[in-house]
Amino acid sequence: DVAVRILLESAEENGGTISGDGLQAMHQAVPQAALYVWDQDSKKRNSGGLSAAVHAKCAVADRLIAFVTSANLTSAAMERNMELGVLIRGGAIPERLHSHLEALALTRNIVSWR
């Protein structure tokens, strides 16, 4: 009974900044997850037409725990770079992060992949 929702950057051929198809790879790795992307019209409007990418790295569980990190999901981040993350248990921040991500979906700033 776990709902997994993941926001990822789109591939270059779909208006994103990633050279590979990370969405397809994530779908194969976690087929039950609902995948989201930044809506291309919203992305252009919110970035003023400049290059923009999904760069946020956080996880929220049960509105009670949040993990916020600087690490990308790359070999450099995992093997060579110095990265930092913070785990927050309880308090208002996990709930506020959850609500913010929900609002992005409700306002269609982020949309379901496929």
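Residues numbered from 1 in each chain as written. Predicted model: local features only at pLDDT ≥ 70, side-chain atom pairs only at ≥ 80, totals over all residues. Heavy atoms only, no water.

A. Region of interest: the side chain of Ser42. Tracing the backbone through its elements, the reader meets Ser42 in helix H2 (residues 40-47). Under the relative-accessibility criterion, Ser42 is labelled buried at 0%. A polar contact of 2.4 Å, which involves the side chain of Ser42, links it to the side chain of Asn109. The contact partners of Ser42, leaving out residues within four places of it in the chain, are Arg108 and Asn109. (Helix = DSSP H or I, 4+ residues; strand = E, 2+ residues; numbered from the N terminus. Buried < 20%, exposed > 50% of the residue type's maximum accessible area, 1.4 Å probe, protein only. Polar contact = N/O pair within 3.5 Å; in protein donor to acceptor, adjacent residues only side chain to side chain. Contact = heavy atoms within 4.5 Å.)

B. The arrangement of H2 in detail. Every buried residue of H2 is accounted for by Ser42, Lys43 and Ser47. Each buried residue of H2 lies within a common arc of 110 degrees when the element is viewed along its axis, so the set occupies one face. In this structure, H2 carries Asp41, Lys44 and Arg45 as exposed residues pointing more than 90 degrees from its buried face. Where H2 is buried, its residues contact strand E2 (34-38). Taken from the residues just after H2, Gly48 is the one with a positive phi, measuring 65 degrees. (Arc of directions from axis to C-beta.)

Any link to function would need more than the numbers given here.
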